[in-house]
Amino acid sequence: MAKENQGRLAYADVLRVMATLAVIVIHLTGAWVESLDPSTGNWMVCNLYNSLSRWAVPVFVMLSGMFLLDPDRPMDPKRLLRHMLRLGVALAVWGMVYALREQIRKTGLTPAAVAAAAEDVFRGRTSFHLWFIYMMLGLYLVTPVLRAFLRGAEKRDLHYFFLLYALLNLFLPSFLLFRPSQVIRVHLTMTYLSTGTLQYVGYYVAGYYLMRYPPDGKLRTLLLSLGLLGGVITAAGTACIPAARERLLLYVYYAPNVAAMTVGVFVLVQSAAPKIRGRWWGALSQVTFGIYLVHLEIIRLLEQFGLNSMTVPPLFGVPLLAAAVFLGSLAVVWPLSKLPGIGRYLT
């Protein structure tokens with residue numbers, strides 16, 4: 001049992017590090033996918049890298065669910081509140097950093113700028129990548145309800161849950177998004193069936209499910225094959241969609257193709273758990289949240305020195321720059337993580 005526990009923790013650490021690198025790739029290529037001519041080779045490379053990284057954020061959600069929803073792990077209200085406090089402090093501090101930087105750029109450092117930055121953080125108008133924290137806080141709020149459900153749920157109950165989630169939050173919204181004439185229906189569907197927390201609750205529960213019932217044999221092969229197919233559909237489908245307004249719809253984190261790719265990546269790394277070695281995975285995993293929080297500033301800093309995904313051909317430039325951003329963020333975050341008391345809340 002000890003070996004199985006070590007393997008489970010090992011693959012979780014690997015997934016966190018991989019997902020952090022994938023998020024960096026998304027943010028290095030996203031603007032270029034939107035601005036470059038889709039007929040160019042550089043666009044195709046950026047689309048490929050971005051498409052094959054879309055699993056990153058859903059995997060982060062699955063990892064949280066894997067641990068927080070396990071009924072065998074203690075999770076009293078006080079413990080859950082500590083998890084929420086960590087997210088809240090990180091959001092307040094880093095949200096203020098990003099929001100204040102924007103206010104200073106507009107008006108300079110004044111009391112009014114500080115007040116405006118604080119209001120932006122409260123209203124969720126800070127750096128775009130911090131949306132993840134708002135969403136996770138919502139999932140934490142429903143965690144006690146989900147744990148109560150999972151405590152008494154049988155495997156078939158979870159299958160019904162995933163079927164319902166797939167229909168209402170994966171397939172129906174994706175179908176409607178590709179129907180421009182159904183704008184009102186899209187709005188209503190997204191508002192009442194799959195807004196905010198509900199869009200990601202399926203991933204949250206899936207992390208626990210795959211930890212509790214690891215797939216093997218034909219099911220694992222099927223999930224890996226669907227994951228590969230999801231990646232192909234994301235990259236090739238995005239390249240083949242002619243309308244600019246619809247081109248990036250396959251990138252949506254709750255699109256069926258991204259969901260398939262997410263599960264495929266999770267299962268792939270999970271199945272490799274017995275072969276995972278190295279304590280450094282765990283050390284890196286402990287600061288991945290901090291790397292996520294700070295990496296956009298490192299990207300902007302490198303851009304000021306003329307370094308971006310197009311400085312060299314993106315086929316090589318994107319992975320090289322992603323590694324540089326990861327290491328640069330690590331250099332900032334590692335010392336912060338060692339600060340007594342506050343360090344764990346910032347990273």
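Remember, it's a predicted structure, so these values are computed and weren't measured experimentally. (Residues numbered from 1 in each chain as written. Predicted model: local features only at pLDDT ≥ 70, side-chain atom pairs only at ≥ 80, totals over all residues. Heavy atoms only, no water.)

A word on the overall build of the chain. Regarding its fold elements, the chain presents 15 helices and zero strands. A compact globule built from 347 residues should have a C-alpha radius of gyration of about 20 Å, and the chain, at 20 Å, falls within 12% of that. Taken over the C-alpha atoms alone, the chain extends approximately 60 × 55 × 45 Å along its principal axes. Residues counted as buried form 49% of the 347 residues belonging to the chain. Residue pairs in contact within the chain that sit at least 24 positions apart in sequence constitute 82% of those at least 6 positions apart. If you average the places of the 31 positive and of the 16 negative side-chain charges in the chain, the two averages end up 4 Å apart. (Helix = DSSP H or I, 4+ residues; strand = E, 2+ residues; numbered from the N terminus. Rg over C-alpha atoms; globule rule 2.2 N^0.38 Å. Buried < 20%, exposed > 50% of the residue type's maximum accessible area, 1.4 Å probe, protein only. Contact = heavy atoms within 4.5 Å. Lys, Arg positive; Asp, Glu negative; His and termini not counted. Charge placed at Lys NZ, Arg CZ, Asp CG, Glu CD.)

So, on to the side chain of T238. Mapping T238 onto the fold places it in helix α10 (residues 217–240). At 2.5 Å, the side chain of T238 and the backbone oxygen of T234 are in polar contact. When residues no more than four places from it in sequence are discounted, the contact partners of T238 are W43, N47, S51, I233, R247, L248, L250 and Y251. (Polar contact = N/O pair within 3.5 Å; in protein donor to acceptor, adjacent residues only side chain to side chain.)

Right, let's talk about a positive patch on the surface for a bit. A contiguous patch of positive charge on the surface is contributed by K78, R79, R82 and R344. Counting residues per element, the positive patch draws most heavily on helix α4 (residues 77–107), which supplies three residues. Among the secondary structure elements, R344 is positioned in helix α15 (residues 343–346). (Patch = residues over 30% accessible without salt bridge, like charges linked within 9 Å, V, L, I, M, F, W, Y side chains within 5 Å. Areas by Shrake-Rupley, 256 points an atom, 1.4 Å probe, with all protein chains shown as cover. Salt bridge = Lys/Arg side-chain N within 4 Å of Asp/Glu carboxyl O.)

A residue-level look at the chain finds 91% of positions with pLDDT of 70 or above and a mean pLDDT of 87. For the chain, the element scoring lowest by mean pLDDT is helix α8 (residues 183–192), at 43; helix α2 (residues 41–51) scores highest, at 97. Across residues 1–7 the pLDDT falls below 50, and counting only partners more than four positions away or on other chains, this stretch makes one contact in the model. Confidence drops under a pLDDT of 50 for residues 182–194, and excluding neighbours within four residues, the segment shows 20 contacts in the predicted structure. (pLDDT = per-residue confidence, 0-100.)

With that out of the way, let us pick up the packing of aromatic side chains. Enumeration over the complete set of coordinates arrives at 14 aromatic pairs. Taken together, a centroid distance of 5.5 Å and an interplanar angle of 75° make the contact between F161 and F162 edge-to-face. The same class applies to F161 as to F162, namely buried. Between W280 and W281, the aromatic rings sit 4.3 Å apart at their centres with planes inclined by 25°, giving stacked as the arrangement. Three or more aromatic residues joined by ring pairs form one cluster here, namely F60, W131, F132, Y165, Y200, Y203, Y253 and Y292. (Phe/Tyr/Trp six-rings, centres within 6.5 Å; stacked < 30°, edge-to-face > 60°.)

This brings us to the nonpolar core. A general feature of soluble globular proteins is that nonpolar side chains tend to end up buried together. With 94 residues, the main nonpolar core has Y11, V61, M136, Y204 and V205 as its most contacted residues. For this core, the element with the most residues is helix α1 (residues 2–35), which contributes 13 residues. Filtering out sequence-adjacent residues up to four positions away, V61 remains in contact with F132, M135, M136, L139, Y200, Y203 and Y204. (Core = buried A, V, L, I, M, F, W, Y, C linked by side-chain atoms within 4.5 Å.)

Its twelve residues place the ends of helix α5 (residues 111–122) 17 Å apart at the C-alpha level, agreeing with the 16 Å of an ideal helix rising 1.5 Å per residue. Along α5, the residues classified as buried are A113, A117, D120 and V121. End-on view of α5: buried residues confined to an arc of 100°, all on one side of the axis. Of the residues in α5, the exposed ones pointing more than 90 degrees away from the buried face are P111, A112 and F122. Phi turns positive, to about 75°, at G124, one or two residues after α5. (Expected span 1.5 Å × (residues − 1). Arc of directions from axis to C-beta.)

Let us now look at the environment of S337. Relative to the elements of secondary structure, S337 occurs in helix α14 (residues 314–337). Looking at S337, the relative accessible area reads 22%, which means it is partly exposed. In this structure S337 touches V287, G343 and T347, once residues within four positions along its chain are discounted. Reaching out from S337, the side chain makes a polar contact with the backbone oxygen of W334 at a distance of 2.6 Å.

Checked against the element boundaries, T262 lands in helix α11 (residues 256–271). Owing to a relative accessible area of 0%, T262 belongs among the buried residues under this scheme. Setting aside residues no more than four positions away along its own chain, T262 makes contact with W55, P58, V59, M62 and Y203.

Here we come to the packing of α2 against α10. Running from N to C, α2 and α10 cross one another at 145°; their axes reach a closest spacing of 8 Å. When you trace α2 past α10, the crossing you get is right-handed. Two secondary-structure elements touch here, α2 through W43, N47, L48 and S51 and α10 through T234, A235, T238 and A239. (Axes fitted to C-alpha atoms, helices over the stretch in contact; angles between N-to-C directions. Left-handed = near helix turned anticlockwise from the far one by under 90°.)

Next up on the list: the environment of V97. Structurally, V97 can be placed in helix α4. Sequence separation between V97 and S51 is 46 residues, and the spatial gap between their C-alpha atoms is 30 Å.

Bringing the pattern of salt bridges into the picture now. Evaluated as defined, the whole model comprises nine salt bridges. Across the salt bridge formed by E102 and R101, the nearest N and O atoms sit 3.0 Å from each other. What you see here is one network of salt bridges that share partners, running through R101, E102, R105, E297 and R300.

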